[in-house]
Amino acid sequence: MTDLPVLLPFRPPTPRPGLEFLDGRWIAYLALAILLAAGAAQAQGTPAAESAFSVILKWTPLIGSGFLLNILISVIAMAAGTLIGLALGLCQISLLPPVRAGSWLVTQFFRNAPWLVMLFYCIFMLPFRITVFGEVVEIPNWVRATIGLTLPVMANVSEIVRGAVQSLPHGQWEAAESLAFTRGQTLRQVILPQCLKRMLPPWMNLYAIVIMSTPLTSIVGVEEAMTLTRGALNAERRGDLLIPMYGALLLAFFVYCWPIARLTRWLEQRNQVRV
Amino acid sequence: MDTPLVSIQAVHKRFGDLEVLRGVSLDVARGEVICIIGPSGSGKSTLLRCVNALVRPESGRITVAGIDVTAAKLDPIALRRRVGMVFQQYNLFPHRTALQNVMMAPVSVLKQDKREVEARARALMAKVRLQGKEGAYPGELSGGQQQRVAIARSLCMQPDVMLFDEVTAALDPETVKEVLVTIRDLAEEGMTCLLVTHEMGFARDLADHVYFTDRGVIVEHAPPAEFFGNPKDARTREFLGQVL
Ligand SMILES: Nc1ncnc2c1ncn2[C@@H]1O[C@H](COP(=O)(O)OP(=O)(O)OP(=O)(O)O)[C@@H](O)[C@H]1O
Ligand SMILES: [Mg+2]
């Protein structure tokens, strides 16, 4: 139900419970690999050339600011997609057949469309500027790209909600009904509180996928970390920097996502113990 | 006799092609305890669930405390305030403590004063012999303890009628007794009870009237001494021969 196509969190061979989900070893390995690549680039470069390491350092503030945009896009897409997706998911368990069918269709459609295609659609279909109270407001590329990423988030959250609600035993509904709860009260007080715990790990998985997919927005010209790295490489005109520079970008994503993946895994294990 | 508190007349219910209830009638007076026994699949649970409108029959008439349960425009909330139901699988809310489970419905459905409800809930926890377990989560309680919390939870709504659907069927033999004792106390205080049970000894001791159902009809009904001492129908005799 919640197996998502782009990435699954890394599963270490021997899962260890507890809060040590921040395993520094892998980060160290990756950093070492990049240093080696940087060293190799250094050895191949002309003697006068600047070391790969110092080039990376030089570009770090700019690319870092681009990375902040990646984070911003992912957070906004996730927040908006979660809000809409919650509503959509609740519509999927509505008692009204048309509401149920409509929300199911929307969910299925956006869940089974390639993210990049949705991104293109939003970039080219949404208006470049809108007029609010007589003022012309430009809609920057990155905002339209964020909307493009919100759609799949919405659809996936909708499925997470529906799956979580349906995973609860039917007896919970019956007990609440017998106690004269209305359907809304049952949802708010009995069903959703129990679902939140079940929804958290798949929701965090989804976030990891969203942040990983933000470099897709570079294809449509958003000036995020990927675009800026490519720009820096063009400016440097040195093929030997290709591997270390993209390696540094990989490392940035890795350092950001790894704790999230570990935390997700930890929550999953904790829920398994409890349930 | 006064008008019965629960009156079921000629109720029919089908699920698809399966006729589960084929004209069931029974009356329960206030303060009476009736037991429904019968083989698996004979429609006992369905009958109980018709009483609090979890299941809506196709035809027939049910009234509970003056409420027409079979009316097209039934207000199920008004009905369920008067009817408590306890299930085989307890169905406690696992994210709330025992005390919160007991308090939830009166506070949020009946909008009663929280302190008043809490006092009542604590008294009920004591009554089902669970003092000291108020703060425990359902997952921390044994099956028998959970079932007694479920009984207290229903009682806290101050219902007129209690429905028990095989409430001891999921318990170990040792804990069955503690739940039966709780129900006995309740019956002796005058609570009107409809029980579906496989505990024949319990039915014999406690029931005012015993009903035997098979394939959607009431085959035979009588006071327990007569029902168990001198069953008339061959199907009843066969069933009792198997379970006793
Ligand atoms: N919601 C439903 N949809 C379809 N069939 C149902 C439904 N509820 C019950 N049934 C069927 O109706 C029949 C009677 O079920 P019911 O639960 O009333 O029997 P029971 O006498 O309580 O049996 P048991 O002793 O096993 O609990 C069964 O065959 C059951 O499968
Ligand atoms: Mg049953």
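Residues numbered from 1 in each chain as written. Chains lettered and ligands numbered in written order. Predicted model: local features only at pLDDT ≥ 70, side-chain atom pairs only at ≥ 80, totals over all residues. Heavy atoms only, no water.

1. What to know about the overall build of chain A
Put simply, the rule is: Secondary structure follows DSSP: runs of H or I at least 4 residues long count as helices, runs of E at least 2 residues long count as strands, and numbering of each begins at the N terminus. Type-normalised accessible area, obtained with a 1.4 Å probe on protein chains alone, sets the label of each residue: buried when under 20%, exposed when over 50%, and partly exposed for intermediate values. Residue contacts are defined here by distance: any two heavy atoms, one from each residue, within 4.5 Å place the two residues in contact. Computed with a 1.4 Å probe, the accessible areas rest on the Shrake-Rupley method; for each residue, only the protein chains presented here act as cover.
The helix and strand tally for chain A stands at nine helices and two strands. Written out in order from the N terminus, the α and β elements of chain A read α-α-α-α-β-β-α-α-α-α-α. Within chain A, the proportion of its 275 residues that are buried is 45%. Considering only contacts within chain A whose residues lie at least 6 apart along the sequence, 77% involve residues at least 24 apart. Carbon together with sulfur atoms contributes 71% to the accessible area of chain A, which is approximately 14,100 Å² in total.

2. Considerations on the overall build of chain B
The condition that has to hold: In this tally, Asp and Glu contribute negative charge and Lys and Arg positive charge; neither His nor the terminal groups of the chain are included. Think of each charge as sitting on NZ of Lys, CZ of Arg, CG of Asp or CD of Glu.
In terms of regular secondary structure, chain B is built from nine helices and ten strands. Along the three orthogonal principal directions, the C-alpha set of chain B runs to about 50 × 45 × 40 Å. Considering only contacts in chain B between residues 6 or more positions apart, those separated by 24 or more positions represent 63%. For chain B, the accessible area works out to roughly 10,600 Å², and carbon and sulfur atoms hold 47% of it. In chain B, which carries 30 positive and 30 negative side-chain charges, the distance between the mean positions of the two groups comes to 5 Å.

3. Points about the packing of aromatic side chains
The condition is simple: Here is the rule: rings of Phe, Tyr and Trp (six-membered ring for Trp) pair when centre to centre is within 6.5 Å. Planes less than 30 degrees apart are stacked, more than 60 are edge-to-face, and the remainder are tilted. Here, a charge over a ring means that NZ of Lys or CZ of Arg falls within 6 Å of the ring centre while also lying within 35 degrees of the ring normal.
Under the definition given, this model contains nine aromatic pairs over all chains. Each ring, one from Phe212 of chain B and one from Phe239 of chain B, has its centre 5.1 Å from the other, and the planes form 40 degrees; the classification is tilted. With a gap of 27 residues between them, Phe212 of chain B in strand S9 (residues 209–214) and Phe239 of chain B in helix H9 (residues 234–243) connect regions that are remote in the sequence. An identical accessibility class is assigned to Phe212 of chain B and Phe239 of chain B; each is buried. Taking 5.1 Å as the distance between ring centres and 80 degrees as the angle between the ring planes, the aromatic pair formed by Phe227 of chain B and Phe228 of chain B counts as edge-to-face. Using a relative accessible area of 0% as the deciding quantity, one classes Phe227 of chain B as buried. By relative accessible area, which is 10% here, Phe228 of chain B ends up buried. Connected via pairs of aromatic rings, a cluster forms that spans Phe67, Tyr207, Phe253 and Tyr256 of chain A. We note Arg270 of chain A situated over the ring of Trp266 of chain A; from NZ or CZ to the ring centre the distance is 5.4 Å.

4. Some remarks on the confidence of the model for chain B
Quick reminder of the rule: pLDDT expresses how confident the predictor is about each individual residue, on a scale running from 0 to 100.
A residue-level look at chain B finds 99% of positions with pLDDT of 70 or above and a mean pLDDT of 93. Interface confidence for the predicted complex, given as ipTM, is 0.93, next to a pTM of 0.83.

5. Notes on the side chain of Asp214 of chain B
Along the chain, Asp214 of chain B falls in strand S9. Apart from residues no more than four positions distant in its own chain, Asp214 of chain B is found in contact with Pro39, Ser42, Val219 and Arg235 of chain B.

6. Remarks on the sheet that holds strand S4 (residues 59–64) of chain B
For the record, the criterion: One bridge is not enough; two strands pair if DSSP finds at least two bridges between them.
Strand order in the open sheet formed by four strands is S2-S1-S4-S5 (chain B), and the pairing between neighbours is antiparallel. Where the open sheet ends on each side, the last strands, each with one partner, are strand S2 (18–28) and strand S5 (67–68) of chain B.

7. Digging into the packing of helix H2 (residues 52–92) of chain A against helix H5 (residues 141–167) of chain A
All names here are of chain A. Just so we agree on the cut-off: To get an axis, fit a line to the C-alpha atoms, keeping to the stretch in contact for a helix; angles then go from 0 to 180 degrees between the N-to-C directions. Orientation labels follow simple angle bins: below 35 degrees gives roughly parallel, above 145 gives roughly antiparallel, 65 to 115 gives roughly perpendicular, and whatever is left gives oblique. It is the rotation of the near helix from the far one that decides the hand of a crossing: anticlockwise by less than a right angle makes it left-handed, clockwise makes it right-handed. Residues are grouped as follows: nonpolar covers Ala, Val, Leu, Ile, Met, Phe, Trp, Tyr, Cys and Pro; charged covers Asp, Glu, Lys and Arg; every other residue, Gly included, is treated as polar.
Interaxial distance between H2 and H5 falls to 6 Å at its minimum, and their mutual angle equals 40 degrees. Accordingly, the angle class assigned to the pair H2 and H5 is oblique. Crossing handedness for the pair H2 and H5: right-handed. Its residues placed into classes, the contact of H2 with H5 shows 17 nonpolar, eight polar and two charged.

8. With respect to the pairing of S9 of chain B
Residues and elements named next belong to chain B. In terms of burial, S9 is largely enclosed, as six of its six residues are buried. Both faces of S9 are covered, namely the face carrying His209, Tyr211 and Thr213 and the face carrying Val210, Phe212 and Asp214. Taken together, the five bridges between S9 and strand S10 (residues 217–222) define a ladder with antiparallel strand orientation. By the bridge assignment, Val210 is partnered in S10 with Ala222. The loop that links S9 with its antiparallel partner S10 comprises two residues; one of these, Arg215, has a positive phi angle of about 45 degrees.

9. A short note on a nonpolar patch on the surface
All names here are of chain A. Note the threshold: Residues qualify for a patch when their relative accessible area is over 30% and they have no salt bridge, like charges being joined within 9 Å and the nonpolar side chains of Val, Leu, Ile, Met, Phe, Trp and Tyr within 5 Å. Basic side-chain nitrogens of Lys or Arg form a salt bridge, by our definition, when they fall within 4 Å of a carboxyl oxygen of Asp or Glu.
On the surface, a cluster of nonpolar side chains totalling about 390 Å² of accessible area is made up of Ile130, Val132, Phe133 and Val137. In this fold, Ile130 is placed in strand S1 (residues 129–132). Here Ile130 falls in the partly exposed class, since its relative accessible area comes to 35%.

10. A few points about helix H7 (residues 183–213) of chain A
The condition that has to hold: Multiplying one less than the number of residues by 1.5 Å gives the expected span of a helix. One axis fitted to the seven residues ending at a residue, another fitted to the seven starting there: the angle between these axes is the bend at that residue.
Helix length check: H7 of chain A (31 residues) gives 38 Å between terminal C-alpha atoms against 45 Å at 1.5 Å per residue, more than 12% under. At Ile191 of chain A, H7 of chain A is bent by approximately 45 degrees, the largest bend along its length, and proline Pro193 of chain A sits one to four residues beyond.

11. Looking at the environment of Ile67 of chain B
All names here are of chain B. Take Ile67: it is sitting in strand S5. Sequence separation between Ile67 and Ala78 is eleven residues; the distance between their C-alpha atoms is 8.5 Å. Non-local contacts of Ile67, meaning those with residues more than four positions away in its chain, are made with Ile62, Leu74, Ala78, Leu79 and Arg82.

12. Quick notes on the state of the cysteines
Two cysteines whose sulfur atoms are joined by a covalent bond form what is called a disulfide. Residue and element names in this part refer to chain B. The following threshold applies: Two cysteine sulfurs form a disulfide in these notes if their separation is within 2.5 Å.
Applying the stated criterion across every chain yields a total of zero disulfides over all chains. Summary of cysteine pairing: Cys193 is not part of a disulfide, and the nearest cysteine sulfur, belonging to Cys35, is at 8.9 Å. Residue Cys193 is classed as buried on the basis of its relative accessible area, which comes to 0%.

13. Here we look at the interface of chain A and chain B
In plain terms, the rule: The buried area of a pairing is the accessible area, by a 1.4 Å probe, that goes missing from both parts when the two are put together, added over both.
With 16 residues of chain A in contact, the opposing surface of chain B contributes 23 residues. A combined buried area of about 1,600 Å² lies between chain A and chain B, and 60% of that area is made up of carbon and sulfur atoms. The largest per-residue losses of area from chain A upon contact with chain B belong to Ser178, Leu179 and Ala180 of chain A, which jointly make up 35% of the total buried on that side. Across the chain A-chain B interface, the total number found is two salt bridges. Linking Arg49 of chain B and Glu174 of chain A is a salt bridge whose minimum nitrogen-to-oxygen distance equals 2.3 Å. Those elements that provide at least two residues to the side of chain A that touches chain B are helix H6 (170–178) and H7 of chain A. Considering each element in turn, the side of chain A that touches chain B owes the most residues, seven residues, to H6 of chain A. A class-by-class count of the residues in the side of chain A that touches chain B yields seven nonpolar, seven polar and two charged.

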